[in-house]
Amino acid sequence: MSTVPEPVQRFIAANIDSAEQLEVLLLLHRHADRGWRAHDVSREIFTVPAAATLRLESLVELGFLRSDGAADPEYRYRPHSQEQGTGMQALADAYRANRVGVLNLVFRRPPDPVRSFSDAFRIR
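In this text the structure is predicted, and so the values were computed from the model without any measurement.

Conventions we followed
Residues numbered from 1 in each chain as written. Predicted model: local features only at pLDDT ≥ 70, side-chain atom pairs only at ≥ 80, totals over all residues. Heavy atoms only, no water. Phe/Tyr/Trp six-rings, centres within 6.5 Å; stacked < 30°, edge-to-face > 60°. Helix = DSSP H or I, 4+ residues; strand = E, 2+ residues; numbered from the N terminus. Buried < 20%, exposed > 50% of the residue type's maximum accessible area, 1.4 Å probe, protein only. Polar contact = N/O pair within 3.5 Å; in protein donor to acceptor, adjacent residues only side chain to side chain. Contact = heavy atoms within 4.5 Å. Core = buried A, V, L, I, M, F, W, Y, C linked by side-chain atoms within 4.5 Å.

Below, the discussion takes up the packing of aromatic side chains. Tallying each qualifying case throughout the model produces one aromatic pair. Their ring planes at 80° and their centres at 5.7 Å tell us that Phe11 and Phe64 sit as a pair that is edge-to-face. Taken together, the residues span a long stretch of sequence, with Phe11 in helix H1 (residues 6–15) and Phe64 in the loop between helix H4 (49–62) and strand E1 (65–67) at a distance of 53 residues. Judged by its relative accessible area of 9%, Phe11 is buried. Taking relative accessible area as the criterion, Phe64 reaches 0% and is therefore assigned buried.

Right, let's talk about the side chain of Gln84 for a bit. As for its position among the elements, Gln84 is in helix H5 (residues 82–97). At 2.9 Å, the side chain of Gln84 forms a polar contact with the backbone nitrogen of His80. Beyond its immediate sequence surroundings of up to four residues, Gln84 is in contact with Phe11, Leu62, Gly63, Phe64, Tyr77 and Pro79.

Moving on, we come to the nonpolar core. Counting residues in hydrophobic clusters, the biggest one holds 32 residues, and the most contacted among them are Leu22, Leu28, Val41, Leu65 and Leu91. Looking at this core, the elements that each hand over two or more residues are H1, helix H2 (19–30), helix H3 (38–45), H4, strand E2 (75–77), H5 and helix H6 (99–108). Tallying contributions element by element places H2 first for this core, with seven residues.

In structure tokens, the structure reads:
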């Protein structure tokens, strides 16, 4: 089994906080040519639409996705920077080569206490 490259490890540490978020990002990256609504994403990754919406919105905040801002928004993979795009491609390649290794890194990542605390008070 190959190890996950150091740049991908850093990318995960900086950007990915759950396996579900990873799956959402990989899905939209893989299908960058189309828009996705939360209910479509939820069917693809086997989650509920509310969870998909939270993940999609977090990825918008991180600059990986763009939303059209509609009442039922459509999301597209549009990284804010070339660095994000390059990091995401490296992550997608590493995931294809060593899915277990990438997932282990995500599961071993400690939760962000600030994000967890602020999420507890988020109005939904």
